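Examining the three-dimensional arrangement
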Amino acid sequence: MALLIPDSRGALFSGLVDDARLLGDQRVSLEDAVEQHRSLRTGDNGWIVGRFMLPATMLEDLAGILIRTMTAGETPWRIAAIFGDDPARDASIAASFHAAMDPAASIDSVHVPWNRRRPIEFATDSLVAGHGVHPDVLPLLSTDIAYHPEAALEIVDRTRADTLRPVGLSLESTARHDPALLLEMMDRCARAGVPFTIGPDSRAAVTRSDPSDSGLKYGVVNLIGTMLMGSTAHPDDRMDLLLDDDPGSFEIGFAGMRWRSTSIGSNAPLGGRRDPLLSIGSVNPDTAVRTIGEIITAG
């Protein structure tokens with residue numbers, strides 16, 4: 001008999017955690033990062049692992065390592081290339097990498113910086129340069145939600161109108177901010193159909209405070225939960241869920257997610273998709289994937 005209820009775990013968590021270990025403060029060589037990513041995605045919870053994130057300037061070296069180390073039948077690599085201050089150069093590097101390595105490794109998305117010291121045209125030109133990597137790439141404008149997030153959405157709208165091609169946002173939360181700003185930006189992206197990622201941070205399954213900077217590190221499960229709740233939920237409930245630091249508050253199983261013993265989500269079968277949230281970056285992906293797996297197993 002065919003099952004009529006989809007497994008929500010796959011819909012919500014498959015490919016969710018991007019491996020951003022190369023973007024963190026801890027020094028790791030590209031060779032080691034490749035080996036650690038390969039080990040992570042072939043582990044018990046490897047299905048949770050998404051893109052391998054790295055600066056575009058490292059793509060040529062990555063190609064050399066992959067050509068030397070990939071084995072027959074290895075699952076293709078999905079790459080998120082991070083552009084710097086010369087998007088045209090970085091787009092050329094990324095295009096060359098993609099042409100040489102696809103389908104063994106493909107550029108899935110490119111993250112372009114928004115340098116607020118430069119005119120808005122620089123941001124739109126950078127996104128257009130990202131489109132030049134290959135026809136199916138998704139350019140994402142990186143913006144910190146603490147600094148005029150509405151302007152970032154305006155840039156995305158302008159670029160989408162001019163190019164008639166998809167453009168998204170990478171929401172960063174490294175600067176001190178009101179957590180309500182993050183929920184607002186997630187809701188605005190959902191309403192406008194703007195695909196978005198949540199930028200790399202030192203995160204695990206659930207939210208925690210970082211004693212080193214007195215800041216919050218939002219948990220992957222908390223972020224997914226607030227997406228499921230949606231903007232129609234009471235703001236206080238969504239904020240409580242976003243900031244909940246108790247892994248025991250969450251249960252994740254075949255039928256969906258429960259928070260404090262209550263199902264969360266729309267009236268559709270819980271475990272409806274997480275769109276338009278594409279992924280969540282972690283500079284310590286091994287911890288993030290392991291702790292998510294523990295909650296899923298417990299649920």
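Residues numbered from 1 in each chain as written. Predicted model: local features only at pLDDT ≥ 70, side-chain atom pairs only at ≥ 80, totals over all residues. Heavy atoms only, no water.

Thoughts on the side chain of E74
Note the cut-off: Note on conventions: DSSP H or I runs of at least 4 residues are helices, E runs of at least 2 residues are strands, and numbering of each starts at the N terminus. In this analysis, two residues are considered to be in contact whenever any of their non-hydrogen atoms come within 4.5 Å of each other.
Note on placement: E74 falls in the loop between α3 (59-69) and β3 (77-82). In contact with E74, other than residues within four places in its own chain, are R38, R41 and T69.

Brief notes about the side chain of T226
Quick reminder of the rule: Throughout this description, a polar contact denotes any pair of N or O atoms lying within 3.5 Å of each other; where both atoms belong to protein, one of them has to be capable of donating a hydrogen while the other can accept it, and for residues adjacent in sequence the pair is counted only when both atoms sit in side chains.
Looking at the element boundaries, T226 is found in helix α8 (residues 220-229). Here the side chain of T226 touches L223 through a polar contact of 2.8 Å, landing on its backbone oxygen. Excluding its chain neighbours within four sequence positions, the residues that come into contact with T226 are L183, M186, R238, L241 and L242.

Remarks on the sheet that holds strand β1 (residues 17-19)
Note: strands within a sheet are paired through backbone hydrogen bonds, in either parallel or antiparallel orientation. Heads up, the rule is: We call two strands paired when DSSP finds no fewer than two bridges between them. Only C-alpha atoms enter the line fits that serve as axes; for helices the fit covers just the stretch in contact. Angles between N-to-C directions range over 0 to 180 degrees.
Spatially, the 8 strands close up into a barrel ordered β1-β2-β3-β4-β5-β6-β7-β13, and their pairing is parallel. Strand-to-strand, the axes of this sheet are offset by a mean angle of 30°, without reference to chain direction. Both strand β4 (residues 105-113) and strand β5 (residues 138-144) contribute to a ladder of 5 bridges, which runs parallel. When the bridges of β5 are listed, V112 appears paired with L141. Docked against the sheet, helix α4 (residues 87-101) engages β3 and β4, running at close to 170° with respect to β4. Packed on one face of the sheet, helix α7 (residues 179-192) meets β6 (168-172) and β7 (196-201) and runs near 170° to β6.

As for the nonpolar core
As a reminder of what qualifies: The criterion is simple. A nonpolar core is a set of buried Ala, Val, Leu, Ile, Met, Phe, Trp, Tyr and Cys residues joined through side-chain atoms within 4.5 Å. Each residue gets one of three labels from its accessible area relative to the maximum for its type: buried under 20%, exposed over 50%, partly exposed in between, using a 1.4 Å probe on protein chains only.
In this structure, F13, F52, L59, L62, I107 and L169 are the most contacted members of the largest nonpolar core, which totals 79 residues. Per-element tally for this core: the top contributor is α8, with 7 residues. In this structure L59 touches L54, I79, A81, I93, A94, F97 and I107, once residues within four positions along its chain are discounted.

Some thoughts on the layout of surface pockets
Inclusion rule: With a 1 Å grid spanning the protein atoms alone, the term cavity applies to any set of points in which a 1.4 Å probe fits but cannot get out, the term pocket to an open set with protein on both sides within 12 Å along at least five of seven lines, and the term lining residue to any residue with an atom within 4 Å of a point. Grid points are joined across faces, edges and corners, and a volume is the space filled by probe spheres set on the points. Throughout, the ten residues Ala, Val, Leu, Ile, Met, Phe, Trp, Tyr, Cys and Pro are labelled nonpolar, Asp, Glu, Lys and Arg are labelled charged, and all others, Gly among them, are labelled polar.
The space that makes up the largest pocket amounts to roughly 340 Å³. In terms of lining residues, the largest pocket is bounded by 16 residues, among which G24, D25, Q26, V283 and N284 are the most central. Of all the secondary structure elements, the ones that give two or more residues to the lining of the largest pocket are β7 and α10 (285-298). Grouping the constituent residues of the lining of the largest pocket by class yields 5 nonpolar, 6 polar and 5 charged.

Brief notes about the sheet that holds strand β11 (residues 256-259)
Spatially, the 3 strands line up as an open sheet ordered β10-β11-β12, and their pairing is antiparallel. Edge positions in the sheet fall to β10 (250-253) and β12 (262-263), since each of these pairs with one other strand and no more. Helix-sheet contacts for α8 involve β10 and β11, and the interaxial angle to β11 is about 100°.

Examining the pattern of salt bridges
What counts here: In the sections that follow, a salt bridge refers to a side-chain nitrogen of Lys or Arg positioned within 4 Å of a carboxyl oxygen of Asp or Glu.
What the rule picks out here adds up to 17 salt bridges. Across the pair E74 and R41 runs a salt bridge, and its minimum N-O distance is 3.4 Å. One end of the pair, E74, is in the loop between α3 and β3; the other, R41, is in helix α2 (residues 30-41), with 33 residues separating them in the sequence. The two residues E74 and R41 agree in class, both being buried. Of the charged contacts, one joins D108 and R51 as a salt bridge, the two residues approaching to 2.6 Å between their closest N and O atoms. Placement of the pair is D108 in strand β4 and R51 in strand β2 (residues 49-55), with a sequence separation of 57 residues.

Points about the packing of aromatic side chains
Defined as follows: Geometry of aromatic contacts follows a simple scheme: Phe, Tyr and Trp rings, the Trp one being its six-membered ring, pair when their centres are within 6.5 Å, and the pair is stacked under 30 degrees between planes, edge-to-face over 60, tilted otherwise.
Here the structure, examined in full by the defined rule, presents 1 aromatic pair. Between F52 and W77, the aromatic rings sit 5.4 Å apart at their centres with planes inclined by 80°, giving edge-to-face as the arrangement. Highlighted residues: F52 in strand β2 and W77 in strand β3, separated in sequence by 25 residues. Judged by relative accessible area, which is 0%, F52 ranks as buried. Looking at W77, the relative accessible area reads 0%, which means it is buried.

Geometry only, nothing functional implied.
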